[in-house]
Amino acid sequence: MSRTTASAAPPAVHTPQAPVREAAADDVRDLTGKRRVAFASFVDENYLPGFLALLRSLALSNPEVCEDFLVLHDGLRPASLARIRALHPRVKPRRVDAARYDAYAKGDQNNYLVRKAYFLLDVFRVRDYDTIITLDTDMVVLGDLSELLRLREGLAAVPQFFYGTHKLNSGLLVIQREFLSDAFCERIDETGLAGSYELDKHDQGILNAVLDGDFVRLPARYNFVKRRLSGDRPVPDDTAVLHFTGRHKPWQGGENGYAEAEARWREFHLTEREFQDAYLALPGAKHPDLLVHLGTPYVHRTGDVEAARRIASAHIGAGHFEEAVEILRAVRIPVHDAWPHEVLGHALLSVSRYAEATSHLLLAATSPNRAPTAYSRLAQIAWIHHRDEEAHAYAEKGLSVDPTHRASRIWHQRTRHAAPGGQPPHRTEGPAHEQLAHVAFYMEGQGNAGDKVLPESVRLALDADPSARRWHSLHAHRLFDRDALAEVNRRRGLVIGGGGLFIPDTAPNGNSGWQWNVPPEHLRAIEVPVIVHAVGFNAFDGQSYRHRRFHESLRLLAEQSSFFGLRNHGSVEKVRALLPPHLRERVRWQPCPTTVTRHLVPGWTDPVAREDTILLNAAYDRAGLRFGHDYPYFLDQMARAVRGLGALAQVKIAAHALDDERLAHDLRRTHGISLPVLPMYDWDNDEIRAAYAKTRLVIGMRGHAGMIPFGCGTPILSLVSHPKMAYFLADIDRPEWGISVHDRHLADHLTEAARTLLADHGASVADVHERQRMLWEVTRGNGADIRAVLA
C-alpha cells in the first residue's frame, strides 16, 4: 500500500479531546478516544437488490466484522428498510437532503447514477465516526477487509488510470475524521457549484478535483472492477471487493461476457433463511452481534441446539444473561449434550437461579470435556451460599479431571480451610458493637493487585486499624442472606466499597445486577447506617445496564444509604442520571482512597531515593472493548515507545494480573523486545505500594495502576482504554497525563510526556503531592461526615 500526502486534509491530526467533567452519559468514546468505524452506502429502491447482496457478502466474507452501517437514502419504503435491518443488527438509516445537490446536477437530477454519485457525498457531512468505509451498492465483498479497518490516516481509494493520470475510484473510500469536517465539505460544495470537474464522473470528479491526486493508494483488489473480467475471465483469488461497474447489473439480467463475475454475485443472492443458514454454517469465530441477530431466528426456526449454545455464549460474553437463558430455553437440550447444559447452567447462575443452574451443571459434569468447568461453577454456587466444604469438594472433582484447570484451582484454594483437616483463617475479631461491617471484593491468591489493595485502603480512610478487630468482612460476591443480614445489624454500620462494583459482567447475579449479591428484601432490612464509599461506575465503552433489576437495586441502595460516595465525578454523573431527581443529590464525590495512600498508611515515609525505572502496565480483560481493531497498532506503538522510554530509564512490566503479562510476551514475540516482569498479582499490599513508591514513573492502563502509584506520590501517565482513567485525570485537573491507546501518535506522545515528567522529577513529584492534597481534603471532610453518621 502506498500513499501521498493528502494536501486536502487539514494539517493537524485528530487527538481525542481532553476529558471534561461535563461529559454526557453516552459520550465515553470521547474520553477513551476509541475509534468509531462505520460502513456507508447510498441506497434507493432500484439498487436495493444489490445492496442486500452487498450486506450478505460482507457478513459471509468477514463474519467477525460488525460495525455500524449507514444507509443513506432519499426515501426508502419502510418495507425496504425492514429487509435491510433483517440482514444487519447495526443499520443506521440517514435521509439525504436531495435539494442540496440540485445545483450540482444541472438538470440531470432524475438520472440514478448522478443522484447516487452526488448523494454519497453526504457521507462527508457525518460527524459521528472517526473512520467511514463507503461501498457502492453494485459491489460484493469476497475477502478480508481487516486491512481497511486498521487504516487510520488520510482518504484512501483504489486509483484508476484516466486520460493519462491516476485518479481515485470512488466506489470504495476509506475516509478518516479530518475529511469528515465542515472545512472539507465547503471545498466539495465550492467545487460542485463551480462545475470545475468532469461532468461524466460526478462524485469522483468532484473528489478528484478537490484532492488533486493526493490520496492513499489502495491495491486494486479492494475495488476490482468488472470490466477487467471481460471475456468471462475468472475473478482473481485475492479479490476483496468486486465492483459491477457499468449499466448492466447482475440483478437486472447481467451482461454477456461476464459469466464468472456474475456467478460470484449470485453466491450472495439468497433468501433471508438461506442467508441465516449460510452464516451459521461458517467455520470459525463470528461477531457476537451478527451471531445473535442472524442466529436467533435461525434457532427459533430450526431448534438447533448447537446454534443456541453459541448464541447463548455470545449473550453471556456481552453480559446479557437473561437473553442467554431465553435462547437455550427455546430448544430441547438432550440429556447427554453436556456443553449446552454447561452454558445454560452458567447463564442461570448469572441471574441467581441457582437450583436450576445446579441441575444443568450436574448434567454437564457427566462429560469429561465439560466436567472441569461444570464442577468449578458448582463450587462457585456452593461458595456463594457459604457452603465452603461442598465448594471445596466440587473444586477437587474439577481438578481430578483436569489438574491444570485454573477456575477449579481458584475455588480449591479459596476454600482450602474447609478441606478435611483444614484450618479456618485466624481472625481475632473485636466486639460486634465496635466493628464496622465491610462489603468488598476481597482478592486473594494470584488476583488483581489493585483489588488486593482496595479494601484495606477503604478501611484506612475510616479507621487507623484495618484489622478484623475493627472490621467484619463480607465478600460482595457471596449471597447476602439472613445470617449475613443479622451479622450486619449487630455492627455499628455497613461500609460498601471500594472498587468498580457497578459493572454488569463481573460476578453477575440476578439479585442486584451489580457486584454485591444482595436481595432487595435484605437490603431494605438493614438497620444500621449504610456507607457507600468510593465505589466506581465501571462500565466499559460499549457496555450498558439493560435490565430493570440494576436500576431498582441502585435506587434502593441510594434510599438506604446515609453516605453515598463515588470515586470520580464521571461515576457521580452516570449514577445521578440513573436515579430519580429526589435521590440525585445524595450522590457525592469520594476519591478512591488509594489516591491518598501517603496520608493513610501509618508511618508512611516518602522515599529518599528512587530506582531509575519506569513501570509499564497494560490490561487485557475485555480486550475487544479496550482496543477495537487497533491492538496491532497499539503493540507497534508500544514497541516504539519502549525503545524511546528505555533511553530515559529502565522499563519494567508491572503485571497487576496474570493476563497483564501478555504485553511482555507480545513485545518479545513480535518485536524482539524483552522486558522484566514484576508479578504484582503475587505480592502483598506493602510490596505493591513499596514498588510504586520507589520508581520514577508509572505508565498504566488499569485504573489502579494509575491511582495506587499516584497515592504513593509517584508521577503517572495513563494509557486510556476505559472512561474511568479519564474521569480520574479530570478530577485532578491533569487530563494531559492521559493518552488514548488509539492515539494516532501514541509512541511519540507517550515518550514526550514521559520525558517532560522526568526532566524535572522533583517538580513532577511536588505536583502529584499538590494534586493529592486536594483529594485528601475531600476525603477528610467526607470522613468527618461519616463519623458523625456512625456516632
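What comes next is a walk through the structure.

The rules behind these values
- Residues numbered from 1 in each chain as written.
- Predicted model: local features only at pLDDT ≥ 70, side-chain atom pairs only at ≥ 80, totals over all residues.
- Heavy atoms only, no water.
- Helix = DSSP H or I, 4+ residues; strand = E, 2+ residues; numbered from the N terminus.
- Rg over C-alpha atoms; globule rule 2.2 N^0.38 Å.
- Buried < 20%, exposed > 50% of the residue type's maximum accessible area, 1.4 Å probe, protein only.
- Contact = heavy atoms within 4.5 Å.
- Areas by Shrake-Rupley, 256 points an atom, 1.4 Å probe, with all protein chains shown as cover.
- Lys, Arg positive; Asp, Glu negative; His and termini not counted.
- Charge placed at Lys NZ, Arg CZ, Asp CG, Glu CD.
- Pairing = 2+ DSSP bridges.
- Right-handed = clockwise from strand over helix to strand, strands pointing away.
- Phe/Tyr/Trp six-rings, centres within 6.5 Å; stacked < 30°, edge-to-face > 60°.
- Core = buried A, V, L, I, M, F, W, Y, C linked by side-chain atoms within 4.5 Å.
- Axes fitted to C-alpha atoms, helices over the stretch in contact; angles between N-to-C directions.
- Arc of directions from axis to C-beta.
- Salt bridge = Lys/Arg side-chain N within 4 Å of Asp/Glu carboxyl O.
- Parallel < 35°, antiparallel > 145°, perpendicular 65-115°, else oblique.
- Nonpolar A, V, L, I, M, F, W, Y, C, P; charged D, E, K, R; others polar.

Of the regular secondary structure elements, the protein holds 33 helices and 24 strands. In terms of overall dimensions, the protein is globule-like: its C-alpha atoms have a radius of gyration of 29 Å, near the 28 Å expected for 791 residues. By principal-axis analysis of the C-alpha atoms, the protein measures approximately 90 × 70 × 55 Å. A buried classification covers 60% of the 791 residues belonging to the protein. A fraction of 72% describes how many contacts in the protein between residues 6 or more apart in sequence connect residues 24 or more apart. Carbon and sulfur atoms provide 49% of the accessible area of the protein, an area that totals close to 31200 Å². In the protein, the 95 positive side-chain charges and the 98 negative ones have mean positions that sit 1 Å from each other.

Bringing the pairing of strand β20 (residues 650–655) into the picture now. Burial within β20 is extensive, with five of its six residues counted as buried. As judged from the four bridges shared by strand β19 (residues 613–616) and β20, these two strands associate in the parallel manner. For leucine 616, the partnering residue across the bridge sits in β20 and is isoleucine 653. Two elements, β20 and strand β21 (residues 677–679), share three bridges in a ladder whose sense is parallel. Its bridge partner being in β21, isoleucine 653 is matched across the sheet by valine 677. In this fold, β20 hands off to helix α28 (residues 662–671), which returns the chain to β21; that crossover is right-handed.

Evaluation of the coordinates by the stated rule reveals 18 aromatic pairs. When the centroid spacing of 5.0 Å and the interplanar angle of 65 degrees are considered together, the rings of phenylalanine 627 and tyrosine 631 count as edge-to-face. The exposure class assigned to phenylalanine 627 is buried, which follows from its relative accessible area of 2%. For tyrosine 631, a relative accessible area of 13% gives the class buried. With a centroid separation of 5.3 Å and an interplanar angle of 85 degrees, the aromatic rings of phenylalanine 710 and phenylalanine 728 are classed as edge-to-face. With a gap of 18 residues between them, phenylalanine 710 in helix α30 (residues 704–711) and phenylalanine 728 in helix α31 (residues 723–731) connect regions that are remote in the sequence. Phenylalanine 728 carries the same exposure label as phenylalanine 710, and that label is buried. Here a set of aromatic residues connected by ring pairs shows up, and it is made of Phe480, Phe502, Trp514, Trp516 and Phe550.

Below, the discussion takes up the nonpolar core. One finds Phe502, Trp516 and Phe634 to be the most contacted residues of the largest nonpolar core, which totals 105 residues. Counting residues per element, this core draws most heavily on helix α27 (residues 631–646), which supplies nine residues. Setting aside its immediate chain neighbours within four residues, tryptophan 516 contacts Val439, Ala476, Phe480, Leu494, Ile496, Asn509, Leu523 and Ile526. In terms of nonpolar packing, the next biggest core, distinct from the first, is built from 99 residues, Ala59, Val174, Val351 and Leu479 among them.

On to the sheet that holds strand β22 (residues 697–700), then. Judged by pairing direction, the sheet is parallel, and its six strands sit side by side in the order β21-β20-β19-β22-β23-β24 without closing on themselves. Two strands in the sheet have a free side with no partner beyond their single neighbour: β21 and β24 (738–740). Across the sheet, the axes of successive neighbouring strands diverge by a mean angle of 25 degrees, strand direction being ignored. Examined bridge by bridge, strand β23 (residues 716–720) and β24 share three bridges and lie parallel to one another. What sits directly across from valine 720, in β24, is serine 740.

Before going further, it helps to spend a moment on unusual backbone geometry. The backbone phi angle of histidine 386 is positive, close to 70 degrees, even though this residue is not glycine. When you line up the elements, histidine 386 lands in the loop between α16 (371–384) and α17 (388–401). A positive phi angle, close to 50 degrees, is found at arginine 622, a residue other than glycine. If you trace the backbone, arginine 622 turns up in the loop between β19 and α26 (623–627).

Each α-helix winds once per 3.6 residues, and so residues spaced three or four apart point in a common direction. For helix α15 (residues 354–364), the complete set of buried residues consists of Tyr354, Ala357, His360, Leu361 and Ala364. Buried residues of α15, viewed axially, fall in a sector of 125 degrees; they line one side. Contacts made by the buried residues of α15 are with α13 (321–329), α14 (338–350) and α16.

All right, on to the pattern of salt bridges then. Applying the stated rule across the entire model yields 51 salt bridges. One salt bridge in this structure joins aspartate 138 and lysine 249, with 2.6 Å as the shortest N-O distance. With aspartate 138 in the loop between β5 (131–135) and β6 (139–141) and lysine 249 in the loop between β11 (241–243) and α9 (259–266), this pair connects stretches of sequence that are 111 residues apart. With respect to class, aspartate 138 is no different from lysine 249; both count as buried. Residues arginine 734 and aspartate 767 are paired through a salt bridge, measuring 3.0 Å at the closest nitrogen-oxygen approach.

Tracing the backbone shows glutamate 262 in helix α9. No salt bridge is formed by the buried glutamate 262; its nearest oppositely charged neighbour, arginine 266, is found at 4.4 Å. Leave out the neighbours within four places in its chain, and glutamate 262 touches Phe244, Pro250, Gly254 and Glu255.

It is worth spelling out the sheet that holds β6 at this point. If you trace the three strands from one edge of the open sheet to the other, you get β6-β11-β10, paired in mixed fashion. Single-partner strands in this sheet number two, and they are β6 and β10 (224–225). The sheet contact formed by β6 and β11 spans three bridges and is antiparallel. By the bridge assignment for β11, valine 141 is matched with valine 241.

Attention now moves to the packing of α16 against α17. A packed helix pair is summarised by two numbers, namely the angle formed by the two axes and the spacing between the axes. Contact geometry for α16 and α17: axes closest at 8 Å, N-to-C directions at 170 degrees. One element, α16, and the other, α17, form an angle in the roughly antiparallel class. Side by side, α16 and α17 meet where Ala371, Pro372, Tyr375, Leu378, Ala379, Ala382 and Trp383 of the first sit next to Asp388, Glu390, Ala391, Tyr394, Ala395, Lys397, Gly398 and Val401 of the second. When grouped by side-chain class, the residues that make up the contact of α16 with α17 number 11 nonpolar, one polar and three charged.

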